[in-house]
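Structural features, examined
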Amino acid sequence: MTETARQPHTTPTRRHPAPPWPLVMLVTGVALLFDVVRVFLPSLITLYGRAGETDPASMGLYAALWFVLPFAAVPAARLTSPRVVTMAGAVALVAARLGLQAADGGTPQLLLASAGVTAGLGLPLRLRADAAGTWVPAGLIGGLAASSIVHLALDRVDLVWRGGPLPWLAVAALCLAFLWSVRLSPASPAPAPAAVWFAFGPMLMLAGMYCGGPAVLAQDTGQHSAPFTALAVALQVVALCAAVVYAWTTSWGWTAGLFLVAGVAAAETGVQGLPALVTAVALGACAGAAGQQADTTAGGRGGVAVLGGMLVFLAGAFLYYAAFDADLGFPNALVPVAVAVLVAAVAVRAGRRHRTAPVRRAPRRWGSIALSSALLAGFLTWQSPPATRTITGDEFTLVAYNIRMGFGLGGRLDLDRVAAWAAARRPDVVLLSEVDRGWLLNGGHDDLARIARGLGMRYYFAPAADRLWGDALLTNLPVAEIGSTRLGRHGYPTGAQAQSIVLEVGDHEVGIVNTHLQEPRGQAPEVAAIVRRLAANTLPPGVGVAGPRPVIVAGDLNTTPSDPQMRVLEAAGLSDPLRALGDPPTSPADAPVRRIDHVLISDGLTAVAADAPRVPFSDHLPLVVRLRLK
């Protein structure tokens, strides 16, 4: 009888799943591209040209050059090793991003951002061969979501605008993760269909406009409570996490496109809150539908589709924001709606062609990850409005400043430096013009909330061009009355308003009109009428006799002291005290030769001191005026 040899018993080795390097590559690559775009667009406005002065066609041609250059990568990718082209593009994008972190504005910032856009826009063309089709929808939406969540958590002041070692470490880690994932991602025999790559450009535009905070946070005249703001941020984070899940599960079908168009249309009609959340989630679902099933037949069409979609991004963004400087002949709100329809059409068409595509399960613990991220972002952005305070005596300090969306002469975002400078002047009232609360064109920043945080002041916003761009007043003095009057356009495309406020200064009431005139000849008479109303006696009948209320008109009036429009304002009882206090010029900031920014006062007030400090935080100089009640 033969004895059977016993086989030695071995314990099976537990294998951990390999990291999804293609997914990491896409998420980090898209995040880097979004970073660069948020620098390129405002650099185009503040460094290549002056907003409202440089010919929009010239700026459009400059931008188009850097968006068209990546098409040269299409034949190059066919003539050399795809891996070489991929690594070269990745290194170029990382070099541009690190260069922007080191740049101190000026021409280097403009050129680095431009080169980064070219490298970043060509990168999806090269990644298309390396990223398996199953990862692409979730990777693209994951990159947009991750970038937007970090943007929210950083109070919408991105790392590129921050100094110190910690931002450098974070950016270096992101760049290293991207390069490492590109190196380890295997080539895919089944790339994603061209439809999802084409949709990326339009989705980038919509994500920049609606998924970074401005569309979900209500931009009313007054500041919201800290819990309300934190909740709004947390909901946006949850919606962005849900978008990534739906990009992976692809279970919505044609309804994804319907919700996307409805969300964008509602947001553009002024509905705040829910439409932005719906838009974020629907973007993920549309990406999932557009990326269903790998496409082995697309060949070179995929690369052209990527770049074609990015040209849609450029054209859409250019048309939408050009409407504030030129008459397009149609409402610019139609532009993002049309882009949403395009994304929806791509998603619906792809979904119908691949109705049998399997529905994947949602990743485990995604709910806990979303909740943790939402709580962290809400905590980091918690900002309680300061308490009101009264002042004794009859003097107060007023600062009036056109901040040019927060960008200084060197093209750097100078919100924190504006706040630090203003705080050093110890103002009681701060009036700001050209306040941007979330335009993609300017990087999606909330100038007002950031400056108010630095000053420790309450803020009151007055929309002008649209609900995100206008003027603002910051003060902790008691506010007895506040409102905003939309001024007539008088043939000028940029909207204007006159914010009227009644403050309690000691035992007195002071009326303030805060405005940025766009067409002074037509708008000065409207402001004069508001001044007369504010100056009217408002005491109840039988409560003594009061004289006219003192009134201040301040802001960028686009009017010199000698212009006829000034005579219209003087006829309303206003005078220009700065003429007797040095008549300091305010524009342009680097070599001021004229004063178009003003602080005008009526009877009952006198100016004790006035100054236009030479600070480089805008293309205007601020006015600092010490006022006394008579």
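Residues numbered from 1 in each chain as written. Predicted model: local features only at pLDDT ≥ 70, side-chain atom pairs only at ≥ 80, totals over all residues. Heavy atoms only, no water.

1. Some words on the overall build of the protein chain
This is how the line gets drawn: Helix and strand labels come from DSSP, where a helix needs a run of H or I of at least four residues and a strand needs a run of E of at least two; each type is numbered from the N terminus. Whether two residues are in contact is decided by their heavy atoms, any of which lying within 4.5 Å being enough. The method behind every accessible area is Shrake-Rupley, applied with a 1.4 Å probe, and residues are considered shielded solely by the protein chains displayed.
Broken down by element type, the protein chain carries 18 helices and 11 strands. Long-range contacts, defined as pairs at least 24 residues apart, comprise 78% of the intrachain contacts of the protein chain with a sequence gap of at least 6. As displayed, the protein chain offers around 25400 Å² of accessible surface, 62% of which is attributable to carbon and sulfur atoms.

2. Regarding the packing of aromatic side chains
The following threshold applies: Here a Phe, Tyr or Trp ring, Trp counted by its six-membered ring, pairs with any other such ring whose centre lies within 6.5 Å, and the pair is stacked when the planes are under 30 degrees apart, edge-to-face when over 60, and tilted otherwise. Throughout, exposure labels follow a simple rule: accessible area from a 1.4 Å probe, protein chains only, divided by the maximum for the residue type, with under 20% read as buried, over 50% as exposed, and the rest as partly exposed. Distance and angle both matter: a charge sits over a ring if NZ of Lys or CZ of Arg is within 6 Å of the ring centre and within 35 degrees of the ring normal.
Counting across every chain of the model gives 13 aromatic pairs. Summarising the aromatic geometry, the rings of Tyr 321 and Phe 324 are spaced 6.4 Å apart at their centres and angled 35 degrees between planes, so their arrangement reads as tilted. As far as the burial class goes, Tyr 321 and Phe 324 line up, both buried. Grouped by ring-pair contacts, the aromatic residues Tyr 320, Tyr 321, Phe 324, Trp 439 and Trp 469 constitute a single cluster. Residue placement shows Arg 38 over the ring face of Phe 34; its charged tip is 3.9 Å from the ring centre. When the ring centre of Phe 461 is taken as origin, the NZ or CZ atom of Arg 437, which lies over that ring, is 5.2 Å away.

3. Thoughts on the side chain of Thr 494
Note on placement: Thr 494 falls in the loop between β5 (479-486) and β6 (497-505). Sequence-distant contacts of Thr 494, defined by excluding residues within four places in its chain, comprise Phe 324, Asp 325, Ala 465, Trp 469, Arg 489 and Gln 518.

4. A closer look at the environment of Gly 411
Examined against the element boundaries, Gly 411 turns out to sit in the loop between β1 (395-402) and α15 (415-424). Between the alpha carbons of Gly 411 and Gly 106 there is a distance of 6.0 Å; along the sequence they are 305 residues apart. What Gly 411 contacts, discounting residues up to four positions off in sequence, is Thr 46, Leu 47, Gln 109 and Trp 161.

5. What about the packing of helix α8 (residues 194-210) against helix α10 (residues 255-268)?
Selection rule: With axes taken as lines fitted to C-alpha atoms, and helix axes fitted only over the stretch in contact, angles between N-to-C directions fall between 0 and 180 degrees. Each angle gets one of four labels, with under 35 degrees taken as roughly parallel, over 145 as roughly antiparallel, 65 to 115 as roughly perpendicular, and the rest as oblique. Here is the rule for handedness: rotate from the far helix to the near one, and if that takes an anticlockwise turn smaller than a right angle the crossing is left-handed, while a clockwise turn gives right-handed.
Contact geometry of α8 with α10 gives a least axis separation of 12 Å together with a crossing angle of 40 degrees. When the interaxial angle is binned, α8 and α10 end up oblique. Crossing angle aside, the handedness with which α8 passes α10 is left-handed. Along the contact surface, α8 presents Leu 206, Met 209 and Tyr 210, while α10 presents Leu 260, Val 264, Ala 267 and Glu 268.

6. Describing the sheet that holds strand β8 (residues 551-556)
Worth spelling out the cut-off: Two strands pair if DSSP finds at least two bridges between them.
Across the sheet, 5 strands lie side by side as β5-β6-β7-β8-β9; this open sheet has mixed pairing. Of all the strands in the sheet, the pair left with one neighbour each is β5 and β9 (597-601). Across the sheet, the axes of successive neighbouring strands diverge by a mean angle of 15 degrees, strand direction being ignored. The pairing of β5 with β6 spans 7 bridges and is antiparallel. Bridging from a neighbouring strand, Ser 484 pairs with Gln 499 of β6.

7. Topic: the confidence of the model for the protein chain
Our working rule: Predictor confidence is given residue by residue as pLDDT, running from a minimum of 0 to a maximum of 100.
Across the protein chain, the average pLDDT comes to 86, with 85% of residues at or above 70. Below a pLDDT of 50 lies the segment residues 1-5, which in the model reaches 0 contacts outside its immediate sequence neighbourhood of four places, other chains included. For the stretch residues 296-300, pLDDT sits under 50, and the model shows 5 contacts to residues farther than four places along the chain or on other chains.

8. Some thoughts on the sheet that holds β1
Spatial strand order, β3-β4-β2-β1-β11-β10: 6 strands in an open sheet with mixed pairing. Every other strand in the sheet has two partners, leaving β3 (458-466) and β10 (605-611) as the edge strands with one partner each. Direction aside, the axes of adjacent strands within the sheet are offset by 20 degrees on average. Relative to strand β11 (residues 623-629), β1 is paired through 6 bridges, and the arrangement is antiparallel. The residue of β11 that forms the bridge with Ala 400 is Leu 623. Each of β2 (429-436), β3 and β4 (469-475) touches helix α16 (residues 447-455); the most contacted strand, β2, lies at about 150 degrees to it.

9. Observations regarding a nonpolar patch on the surface
Filter applied, for reference: Put simply, a patch holds well-exposed residues, over 30% relative accessible area, that have no salt bridge, with like charges counted together within 9 Å and Val, Leu, Ile, Met, Phe, Trp or Tyr side chains within 5 Å. A carboxyl oxygen of Asp or Glu within 4 Å of a side-chain nitrogen of Lys or Arg is what we treat as a salt bridge.
Taken together, the side chains of Phe 318, Leu 319, Phe 330 and Leu 334 present a nonpolar region at the surface, about 330 Å² in accessible area. Relative to the helices and strands, Phe 318 is located in helix α12 (residues 301-322).

10. Topic: the packing of helix α9 (residues 226-249) against helix α14 (residues 366-380)
Closest axis-to-axis distance for the α9/α14 pair is 8 Å, and the angle between their directions is 150 degrees. Accordingly, the angle class assigned to the pair α9 and α14 is roughly antiparallel. Judged by the twist between their axes, the crossing of α9 over α14 is right-handed. Side by side, α9 and α14 meet where Ala 230, Val 233, Ala 234, Val 237, Val 238, Cys 241, Ala 242 and Val 245 of the first sit next to Trp 366, Ala 370, Ser 373, Ala 374, Ala 377 and Gly 378 of the second.

11. Quick word on α15
In an α-helix, one turn spans 3.6 residues; hence positions three or four apart end up facing the same way. Note the cut-off: Regarding the arc, it is the one traced by the directions from the helix axis to the C-beta atoms.
Listed in full, the buried residues belonging to α15 are Leu 415, Val 418, Ala 419, Trp 421 and Ala 422. Along the long axis of α15, the arc covered by the buried residues comes to 165 degrees, so they all point the same way. Residues of α15 that are buried make contact with β1, α16 and β11. Once α15 ends, the next one or two residues include Arg 426, with phi positive near 50 degrees.

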